[in-house]
Amino acid sequence: MPNGQWYPPEWPDRIRALAHGTLTPVPPRRAATVMLLRAGDGPGALAVHMLRRRTSMAFAGGAYAYPGGGVDPRDDARRIGWAGPSRETWAARLGVAPDDAQAIVCAAVRETYEEAGVLLAGPDADSVVGDTTGDDWEADRRALVARDLSFAEFLDRRSLVLRSDLLGAWARWITPEFEPKRYDTWFFVAVLPEGQRTRNASTEADRTVWIRPADALAGYDAGELLMMPPTVSTLRALLPYATPAEAVDAAAARDLTPVLARASLGDDGEIVLSWPGHDEFTKRVRTTGGTP
């Protein structure tokens, strides 16, 4: 392939089954992912934190992505310490009910802590915690990963409030209907809090990097870095911004219309896979005898 677009070999058969009505789409799970940003090397540059998923992972193994994961249903209804825009404001922005909005924002903050060791929370609405690398913090992080501790319980235990004002909603992508694992994912941007640092805290990643969006895209275009379309698209959308603060400020005007791939099957067996509004990802696969 000319670039590093993630394209599993089983997709043509699954697309064909969906077109023939023999595959029933799996309902997508709510999920959130965060593009952590910091100043890059040199003036007018920003860098984004990315991790490489282990090749053994069933979903997007070997692909570069951002910290993120599924919503914990326990975060839907329980009220937590909250700073920034109200749940109702977030609900209007994300296009969901207030309880869903709380759970999605909680997932964004929790997953960033679980996978990168960065916590967007503080003792009050005007502060953020500092170093989170101590043994007691690590014990809580592991308990969150194991789901032995809910995020609300974690915040209560630490007397912290979630800093939703540090997040900006950036995009929304839904996994194609022919995928066996599907996610309805909201992408957020956030600036790395002062005093905190990222680390590879995820069991799902074998490498983490801070990289300029332009460099990540150059690696993708050269076929050196494997990525999924949402990752490539969100990286390209970061290119106009010189600083992390500019990108976060720009998030308020971002279109959050969900992007869902479409697949069609031609009479000659050609499969056309496309993402509306993102022509660069259109894929045409000619098949013979049911194989790519």
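Predicted, not measured: the structure shown is a model, and the values here were computed from it.

A. Structural detail: the overall build of the protein. Tallying secondary structure elements over the protein gives eight helices and 14 strands in all. What you see for the protein is a C-alpha radius of gyration of 19 Å, in line with the 19 Å of a compact globule of 292 residues. On the principal axes, the C-alpha backbone points of the protein span a range of 60 × 45 × 35 Å. Residues counted as buried form 53% of the 292 residues belonging to the protein. Taking contacts inside the protein between residues at least 6 apart in sequence as the whole, the part at least 24 apart equals 69%.

B. Quick look at the sheet that holds strand E7 (residues 161-163). Ordered by their spatial adjacency, three strands build an open sheet running E5-E7-E6, and the pairing between neighbours is mixed. The outermost strands of the open sheet, each flanked by one partner alone, are strand E5 (82-83) and strand E6 (121-122). Relative to E7, E6 runs antiparallel, the two sharing two bridges. Bridging from a neighbouring strand, Gly-122 pairs with Val-161 of E7.

C. Seen up close, unusual backbone geometry. In this structure, Arg-147 takes a positive phi of about 65° despite not being glycine. When you line up the elements, Arg-147 lands in the loop between helix H4 (135-145) and helix H5 (151-158).

D. The packing of H4 against H5, seen in detail. Here H4 crosses H5 at 160°, and the two axes come no closer than 10 Å. In this view, H4 runs roughly antiparallel relative to H5, as classed from their interaxial angle. When you trace H4 past H5, the crossing you get is right-handed. On H5, the residues that touch Asp-136, Trp-137, Asp-140 and Leu-144 of H4 are Phe-151, Phe-154, Arg-157 and Arg-158. Considered class by class, the residues forming the contact of H4 with H5 number four nonpolar, no polar and four charged.

E. Structural detail: the pattern of salt bridges. Evaluation of the coordinates by the stated rule reveals 24 salt bridges. Taking the shortest distance from any N to any O, the salt bridge between Arg-78 and Asp-156 comes out at 2.6 Å. In this pair, Arg-78 is assigned in the loop between strand E4 (68-70) and E5 and Asp-156 in helix H5, connecting sequence segments 78 residues apart. We classify Asp-156 as partly exposed; its relative accessible area is 42%. Connected via shared salt-bridge partners are Asp-75, Arg-110, Glu-111, Glu-114 and Arg-147.

F. Representation of the sheet that holds strand E14 (residues 278-285) in the model. Spatial ordering of the open sheet is given by E12-E13-E14, a layout of three strands whose pairing is antiparallel. Strands at the two margins of the open sheet, each flanked by one partner only, are strand E12 (262-265) and E14. Direction aside, neighbouring strands of the sheet carry axes that sit 15° apart on average. Of the strands in this sheet, E12, strand E13 (271-275) and E14 touch helix H1 (residues 11-19), which is tilted by about 90° from E13.

G. The arrangement of H4 in detail. Turning to H4, its buried residues are Trp-137, Glu-138, Asp-140, Arg-141, Ala-143 and Leu-144. Along its buried surface, H4 packs onto helix H3 (98-116) and H5. Two residues or fewer past H4, Arg-147 is found with a positive phi of approximately 65°.

H. Structural detail: helix H2 (residues 87-94). Along H2, the residues classified as buried are Arg-87, Trp-90, Ala-91 and Leu-94. The arc that holds the buried residues of H2, viewed along the axis, is 105°, so those residues lie on one side. Next to the buried residues of H2 lie E5, H3, strand E8 (168-174) and strand E9 (183-191). Gly-95 lies just past H2 and shows a positive phi near 75°.

I. Looking closely at the pairing of E13. Burial runs high along E13: four of the five residues are buried. Pairing geometry for E12 and E13, over four bridges, is antiparallel. Opposite Arg-262, over in E13, you have Ser-274 as the bridge partner. Pairing of E13 with E14 involves four bridges; the strand directions are antiparallel. Each bridged residue has a counterpart across the sheet, and for Ile-271 the counterpart in E14 is Val-285.

J. Geometry of the nonpolar core. In terms of nonpolar packing, the biggest core is built from 41 residues, with Leu-94, Leu-119, Leu-167 and Phe-188 touching the most fellow members. Every element with two or more residues in this core is listed here: strand E1 (29-39), H2, H3, H4, H5 and E9. Per-element tally for this core: the top contributor is H3, with ten residues. The contacts of Leu-167, once residues within four sequence positions are left out, are Val-34, Trp-90, Val-105, Ala-108, Val-109, Leu-120, Phe-188, Val-189 and Ala-190. Counting 39 residues, the second largest nonpolar core, distinct from the first, contains Ile-15, Ala-216, Ala-251 and Val-285.

Criteria and cut-off values
- Residues numbered from 1 in each chain as written.
- Predicted model: local features only at pLDDT ≥ 70, side-chain atom pairs only at ≥ 80, totals over all residues.
- Heavy atoms only, no water.
- Helix = DSSP H or I, 4+ residues; strand = E, 2+ residues; numbered from the N terminus.
- Rg over C-alpha atoms; globule rule 2.2 N^0.38 Å.
- Buried < 20%, exposed > 50% of the residue type's maximum accessible area, 1.4 Å probe, protein only.
- Contact = heavy atoms within 4.5 Å.
- Pairing = 2+ DSSP bridges.
- Axes fitted to C-alpha atoms, helices over the stretch in contact; angles between N-to-C directions.
- Parallel < 35°, antiparallel > 145°, perpendicular 65-115°, else oblique.
- Left-handed = near helix turned anticlockwise from the far one by under 90°.
- Nonpolar A, V, L, I, M, F, W, Y, C, P; charged D, E, K, R; others polar.
- Salt bridge = Lys/Arg side-chain N within 4 Å of Asp/Glu carboxyl O.
- Arc of directions from axis to C-beta.
- Core = buried A, V, L, I, M, F, W, Y, C linked by side-chain atoms within 4.5 Å.

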